[in-house]
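# Breakdown of the fold
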Number of protein chains: 4
Amino acid sequence: MTDPIDLIRRQVSDLHQELVRYRLVVWTAGNVSARVPGEDLMVIKPSGVSYDELTPDAMILCDLDGKVVEGSHSPSSDTAAHAYVYRHLPEVGGVVHTHSTYACAWAARGEAVPCVLTAMADEFGAEIPVGPFALIGDDSIGRGIVDTLRDHRSPAVLMKSHGVFTVGKDAKAAVKAAVMCEDVARTVHISRQLGEPLPIAQADIDALNHRYQHVYGQQPAAR
Amino acid sequence: MTDPIDLIRRQVSDLHQELVRYRLVVWTAGNVSARVPGEDLMVIKPSGVSYDELTPDAMILCDLDGKVVEGSHSPSSDTAAHAYVYRHLPEVGGVVHTHSTYACAWAARGEAVPCVLTAMADEFGAEIPVGPFALIGDDSIGRGIVDTLRDHRSPAVLMKSHGVFTVGKDAKAAVKAAVMCEDVARTVHISRQLGEPLPIAQADIDALNHRYQHVYGQQPAAR
Amino acid sequence: MTDPIDLIRRQVSDLHQELVRYRLVVWTAGNVSARVPGEDLMVIKPSGVSYDELTPDAMILCDLDGKVVEGSHSPSSDTAAHAYVYRHLPEVGGVVHTHSTYACAWAARGEAVPCVLTAMADEFGAEIPVGPFALIGDDSIGRGIVDTLRDHRSPAVLMKSHGVFTVGKDAKAAVKAAVMCEDVARTVHISRQLGEPLPIAQADIDALNHRYQHVYGQQPAAR
Amino acid sequence: MTDPIDLIRRQVSDLHQELVRYRLVVWTAGNVSARVPGEDLMVIKPSGVSYDELTPDAMILCDLDGKVVEGSHSPSSDTAAHAYVYRHLPEVGGVVHTHSTYACAWAARGEAVPCVLTAMADEFGAEIPVGPFALIGDDSIGRGIVDTLRDHRSPAVLMKSHGVFTVGKDAKAAVKAAVMCEDVARTVHISRQLGEPLPIAQADIDALNHRYQHVYGQQPAAR
């Protein structure tokens, strides 16, 4: 019988290829993790390993304090932030971090991406908010993510001067949020280069978000 | 003998790969449909299925009210808009919807793309017009498309705050219009970043459009 | 023994893939031709055929008035312009036409690309000049190209509101000029978005161009 | 036993494909070199050869005055600059030169890229500085690189009106710096298009750089 953790290792390994495919990452600068359901464990990318060399076996199994349980490499230097999110947001099953270009461009100015596209209303239900500037090395980044997203519809947060973190019910949903975040950050940026995008009424944003979160896609599993 | 509907399923499935190739779509956010000639039927993408997993068999056969006739998935959430177009524009054999970046950037400001390139005069014969803001869920989007395109040369409409719909005599022509729409929306955007593009005289636009629609490409079938 | 025209058919067919690789073209909108050395003949792309379907056999052999000598398709709708160039610039062995994005963005404003990069001084030796607005259908485009390039160092001309034509001693050199033209049009555009690029002194442009045209690359054949 | 120089030939050849993959180069305009450890020798790309045709055997072995020791082609026209760097910066084991778009856009204005992203603080530890305008043909470019980088944390220098040179302990580290340089030059450019990126305090830049240079990645070899 296949170990469920092996399936998660494979899923996390494969999902890193989506970051490459959608050009959200260069070199080794981005990572995906998944919670092991029902356990105080997570699977995450090893640190400083290229996307070409990632395999299920290379993924690191950590506890939710970020300590390595199984794995011959060091885990991602962002492990503490992922772990903090899993400890404090129990509904979250996957976390993604990237330095994707347009999301970072908004983050470098400390500006939220306004919700001016129906696709944003669908996926994010609001602006994509900005979290605090925080140094790596302790729980500052994790706390900034959780404090910003806890009462927000958006599954993505732009960490000031740094990059983007996204969450989802599983790792695939978090990767989808990372892909969509860069896509709308880019489109709204380009739109604003030549004028102001039109606002969408809050009631319309609410209606679109409710419909998308409850009706879109195949039921119940295909999203 | 091959069922003509099977051929259309294959064509519609394959044409989605052109949306990927020309980077008009990310994740699952875009769709192609084709009318079944001589029948009140259309073939369209299933909802929320990734482009990697699309196969001819996965395509959904619907009637022109958008009801599923054959298919194990739900059809695209944009099915009602496609169906409305087929019901009201009998010369249309294919419809495409995308959130391609530059088209959306113009749509988010509610601005038409001015006809300032000879390639635009060829393919669109005019500016690419803006349609109304409309919520998904009823015929509003379809009506907005049809009302905007019915008396317009352009096969593309920018739906305000949303994305682009294109039409054609068949699905391939609608995909070509989607590709060209993004291409010219991008070029004109970039041109305007550093000044104003020069206007093209209306008589020249008319002459170019007439020539391209009647002379260009192989006769009679290769276009 | 291989017919020299067959070699040229293959070369012209293959070089179209470089236009695709460097993203200078979408759908069918660009073309390469080559003069048949020592003959009043040229080989050019067929009209409206996708880049996936191009083969050496599909290439069209024309005389230098643009009349088809051998080929089952219509030649490119830009054949008259290519032919005019070969008739009037005997040193030219290859011609390329594209609607590449950044070159077109400058062309839409009718602005030359200033020579502010050493790579431009190397390859173009000057600004990339603008040619007149001209309609397709007679010799206007060809004449505009020739009148602009005849006494100019640049192998590329931005035809107003239209696109770019490049020339070279052979088709490969013309393709290289098309690739470099888009590259520098893009870099200078992006540079100017945030200020004014520094000028390069004319004497330095002259020195760089002389060196590159006479020293760079493998001798004598590899460039 | 494998000749160590053969291994370096292979590494330098392979690393050129990373320049292609990350779109730092078009046609033949970029090059990687590596010092042969313990010898007054370097391995560098041949001049004017396309990236498709590069093989380990095609790489050129030169002494540190840039004279060919082994190789049937001419070495890169930038060989003198690489050689100057190896002669004057003994800790450098690899050098990369590109005309990557966004780095060149800053270089064309003679502007340094400000350090406004944590990823820049990690990798560059400071702004990416500008070196002098210098003509090819003598030691001017090499001297400009060395004078700018000698007392600077950044492994990348933007040579005015020209392009970027990066250095590293080996060729792979120099390629990584070239990839990251373009990535941050692009992100900061895009951020500045719509306002001013927020500054990062010098103490935070120092802390991030120290941590990244000493802690990140697998120990000791994986970075």
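Note that the structure is predicted; figures quoted are calculated from it, not measured.

Cut-offs applied
Residues numbered from 1 in each chain as written. Chains lettered and ligands numbered in written order. Predicted model: local features only at pLDDT ≥ 70, side-chain atom pairs only at ≥ 80, totals over all residues. Heavy atoms only, no water. Contact = heavy atoms within 4.5 Å. Buried area = accessible area lost by both parts, 1.4 Å probe. Salt bridge = Lys/Arg side-chain N within 4 Å of Asp/Glu carboxyl O. Polar contact = N/O pair within 3.5 Å; in protein donor to acceptor, adjacent residues only side chain to side chain. Helix = DSSP H or I, 4+ residues; strand = E, 2+ residues; numbered from the N terminus. Nonpolar A, V, L, I, M, F, W, Y, C, P; charged D, E, K, R; others polar. Buried < 20%, exposed > 50% of the residue type's maximum accessible area, 1.4 Å probe, protein only. Pairing = 2+ DSSP bridges. UniProt positions renumbered as here; feature names shortened; annotations may be inferred. Least-squares fit on C-alpha atoms with pLDDT ≥ 70 in both. Axes fitted to C-alpha atoms, helices over the stretch in contact; angles between N-to-C directions. Parallel < 35°, antiparallel > 145°, perpendicular 65-115°, else oblique. Left-handed = near helix turned anticlockwise from the far one by under 90°.

## Describing the interface of chain B and chain C
Each partner contributes to the interface: chain B provides 32 residues, whereas chain C provides 31 residues. Buried area between chain B and chain C, summed over both chains or domains, comes out near 2,900 Å², and the portion from carbon and sulfur atoms is 58%. Inspection of the chain B/chain C interface yields one salt bridge. Across the salt bridge formed by C:Asp52 and B:Arg21, the nearest N and O atoms sit 2.4 Å from each other. Counting across the interface, chain B meets chain C through nine residue pairs in polar contact (both at pLDDT 80 or more). Of all the secondary-structure elements, those providing two or more residues to the side of chain B that touches chain C are α1 (4-21), α4 (118-123), α6 (171-193) and α7 (202-214) of chain B. Partitioning the side of chain B that touches chain C into residue classes produces 15 nonpolar, seven polar and ten charged.

## Some words on the interface of chain A and chain B
Tallying the contact residues gives 32 residues for chain A and 31 residues for chain B. Carbon and sulfur atoms make up 58% of the area that chain A and chain B hide from each other, which totals about 2,900 Å². The tally of links between chain A and chain B comes to one salt bridge. Between the two partners, chain A and chain B, sit nine residue pairs in polar contact (both at pLDDT 80 or more). When contributions to the side of chain A that touches chain B are tallied by element, the ones reaching two or more residues are α1 (4-21), α4 (118-123), α6 (171-193) and α7 (202-214) of chain A. The element that contributes the greatest number of residues to the side of chain A that touches chain B is α6(A), accounting for eleven residues. By residue class, the composition of the side of chain A that touches chain B is 15 nonpolar, seven polar and ten charged.

## Observations regarding unusual backbone geometry
A positive phi angle is found at A:Ser161, which is not glycine, with a value near 60 degrees. The topology assignment puts A:Ser161 in the loop between β7 (156-159) and β8 (163-168). Phi is positive for B:Trp27, close to 50 degrees, though the residue is something other than glycine. Note on placement: B:Trp27 falls in the loop between α1 and β1 (30-36).

## Notes on the pattern of salt bridges
All names here are of chain B. Scanning the model with the defined rule gives 44 salt bridges over all chains in all. Residues Lys169 and Asp170 are paired through a salt bridge, measuring 3.6 Å at the closest nitrogen-oxygen approach. A residue is classified by how much of its surface remains accessible, and Lys169, at 60% relative accessible area, is exposed. A salt bridge links Glu196 to Arg192; its shortest N-O distance comes to 3.7 Å. Glu196 sits in the exposed class, given a relative accessible area of 57%.

## Notes on the side chain of D:Thr101
Among the structural elements, D:Thr101 can be located in helix α3 (residues 101-109). The exposure class of D:Thr101 is buried, given its relative accessible area of 5%.

## Side note on the pairing of strand β3 (residues 60-63) of chain D
All names here are of chain D. In terms of strand pairing, strand β2 (residues 41-44) meets β3 through four bridges, oriented antiparallel. Opposite Leu41, over in β3, you have Asp63 as the bridge partner. With two bridges joining them, β3 and strand β4 (residues 68-70) adopt antiparallel strand pairing. Bridge pairing in β4 places Cys62 opposite Val68. A loop of four residues connects β3 with β4, the two strands running antiparallel in sequence, and Gly66 in this loop sits at a positive phi of about 85 degrees.

## Digging into the UniProt feature "domain: Class II aldolase/adducin N-terminal" (unreviewed entry) in chain A
This chain's UniProt record puts "domain: Class II aldolase/adducin N-terminal" (unreviewed entry) on residues 10-189 of chain A. Across residues 10-189 of chain A one finds 37% helix and 19% strand; the C-alpha atoms that close the span lie 35 Å apart.

## Some words on the relation of the copies chain A and chain B
The two copies are related by a screw operation: chain A maps onto chain B through 90 degrees of rotation and 0.0 Å of translation along the axis, at an RMSD of 0.0 Å. Taken together, the rotation and translation relating the two chain copies correspond to the operation of a four-fold axis. Nearest to the rotation axis, the C-alpha of A:Gln193 is located 5.3 Å from it, this being the minimum over chain A. Of the interface residues in chain A, just 6% have counterparts in chain B that sit at the interface too, so the contact is made through distinct surfaces.

## Brief notes about the relation of the copies chain B and chain C
Expressed as a screw transformation, the operator carrying chain B onto chain C has a rotation angle of 90 degrees and an axial translation of 0.0 Å, and the superposed copies differ by an RMSD of 0.0 Å. A distinct binding surface is used by each copy, with only 6% of the interface residues of chain B retained as interface residues in chain C.

## Notes on the packing of helix α2 (residues 79-88) of chain A against helix α5 (residues 140-149) of chain A
Residues and elements named next belong to chain A. Taken N-terminus to C-terminus, the directions of α2 and α5 make an angle of 45 degrees; their axes are 7 Å apart at the nearest point. As the angle between them shows, α2 and α5 are arranged oblique. Here the hand of the crossing between α2 and α5 comes out right-handed. Contact with α2, carried on its side by Ala81, Tyr84, Val85 and His88, involves Ile141, Gly142, Arg143, Ile145 and Val146 of α5 and no other residues of that element.

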